[in-house]
Amino acid sequence: MKHILVPTDFSTCASNALEHACNIAQHFGANITLMHVYPIPVAASDVPTELIIANQFKEEADVNIAKLKTRINQSHPEIHVQTVINAGDAPTEIDFYLKENTCDLVVMGTTGAGGFKRIAIGTTTAKVINHIQIPLMVIPENRPYSDIRHIVVSTSFERNEINHIKHIYEWYKEFNCKITLLRVDDITTYQDDKSSSQVTEFLKHLKDAMHQLEPDTVVIKGVDVSSSIIEYTKSAQVDLLVTVHQHRGFFSQLIFPSITKEIAFHPPVPMLIFNRHN
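Computed from a prediction, not measured in an experiment: that's the story for all the values here.

1. Some details on the packing of aromatic side chains
According to the stated counting rule, one finds six aromatic pairs in the structure shown. Consider the rings of Phe28 and Trp171, whose centres lie 5.4 Å apart with planes at 65 degrees: the pair is edge-to-face. In this pair, Phe28 is assigned in helix 1 (residues 12-28) and Trp171 in helix 5 (residues 162-175), connecting sequence segments 143 residues apart. For Phe28, a relative accessible area of 15% translates into the label buried. What makes Trp171 buried here is its relative accessible area of 3%. Here Tyr169 and Tyr172 contribute two aromatic rings whose centre-to-centre distance is 5.7 Å and whose plane-to-plane angle is 25 degrees, an arrangement assigned as stacked. Remark: Tyr172 and Tyr169 occur in helix 5; sequence separation between them is three residues, near one turn of the helix. For the pair Tyr169 and Tyr172, a shared accessibility class is recorded, and that class is buried. Put simply, the rings of Phe28, Trp171 and Phe175 pair up and form one aromatic cluster.

So, in structure tokens, the structure goes:
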């Protein structure tokens, strides 16, 4: 891992995510790019007040991002930091930056929310999750950084998931941590024999791909997958939850909401999200 992108709105939540990103960058010897996107004012009259407001946004952003860079230089002098300030829509600008630059990870903060606030936050989060081509780490608002000792990977024990577990291998080596592969089966359709044979077959293929990796495996039965994963991470002293985001059509998403997005609204621990095409 060489380059981490950290979008920021200068909030407490974003500041906490930056602290996580700095510690991860320090472990891997990576550089950090701080990115802020300010909104483009909409003209309400012939008076060019929107240009004045835009200039104010830019000036404030310049001051705030310079303060963040100074803070990183003082607390983590070994990390090379660059900054980017753009005007526009945050998810769109993030996507554009990632297409034009080589990054290995994006780190963002998130707040637990419900009702209208959840809709507002969810729109940005969902756009980033849907379009990002590289791993995305989502940091809960009040979660302080701690070194990673236990990684849980949410999996279906399907062979096409092995490639994503390969990405976790560098984290496994860097932090010398425990890895647990977790699957939640529908309690109404669970079949013990079928589940056991699938896990055994999956571990055989995983061993062929990464013979040094020896993960634990846990299969639990539940009614709601998202809730079951969240409860497990809370009870098992998990430091990082890894999920793979599945793309679905519009009507399918209405009937079967994304498990990744459901958890990302209120992650109990830092969450590393891969898209199926990562």
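2. Quick notes on the side chain of Thr155
Within the secondary structure layout, Thr155 lies in the loop between strand 6 (150-154) and helix 5. Thr155 sits in the buried class, given a relative accessible area of 5%. From its side chain, Thr155 meets the backbone nitrogen of Phe157 in a polar contact 2.9 Å long. Non-local contacts of Thr155, meaning those with residues more than four positions away in its chain, are made with Glu161, Leu181, Leu182, Arg183 and Phe202.

3. With respect to the pairing of strand 7 (residues 178-186)
In regular strands, side chains alternate between the two faces of the sheet. Among the nine residues of strand 7, seven are classified as buried, and the element is accordingly described as predominantly covered. Pairing between strand 6 and strand 7: five bridges, direction parallel. Its bridge partner being in strand 7, Val153 is matched across the sheet by Leu181. Once the chain exits strand 6 it traverses helix 5 before rejoining the sheet at strand 7, and the crossover so formed is right-handed. Strand direction decides the pairing type here: strand 7 and strand 8 (residues 216-222), joined by seven bridges, are parallel. Bridging from a neighbouring strand, Asp186 pairs with Gly222 of strand 8.

What counts, and where the lines are drawn
- Numbering of residues starts from 1 in each chain and follows the order in which that chain's sequence is written.
- Residues qualify for local features only when their pLDDT is at least 70, as the model is predicted, and side-chain atom pairs are given and counted only at 80 or more; totals for whole chains, interfaces and linings, by contrast, use all residues.
- Heavy atoms from the whole structure form the basis of all side-chain values; hydrogens and water molecules are not counted.
- Centres within 6.5 Å make a pair out of two Phe, Tyr or Trp rings, where for Trp the six-membered ring is used; the pair is then stacked when the planes are under 30 degrees apart, edge-to-face when over 60, and tilted otherwise.
- Put simply, DSSP H or I for four residues or longer makes a helix, DSSP E for two residues or longer makes a strand, and each gets a number counted from the N terminus.
- Buried, partly exposed and exposed residues are distinguished by accessible area as a fraction of the type maximum, computed with a 1.4 Å probe on protein chains only: under 20%, between the cut-offs, and over 50%, respectively.
- Pairing of N or O atoms within 3.5 Å defines a polar contact, subject to two protein rules: one partner must be a possible hydrogen donor and the other a possible acceptor, and residues neighboring in sequence count only if both atoms are side-chain atoms.
- Two residues qualify as a contact provided that any one of their heavy atoms is within 4.5 Å of a heavy atom in the partner residue.
- Being paired, for any two strands, means DSSP has found at least two bridges between them.
- Orienting the strands away from the viewer, one traces the path from the first strand over the helix to the second; a clockwise path indicates a right-handed crossover.

Honestly, that's just the spatial picture; any functional story needs more than this.
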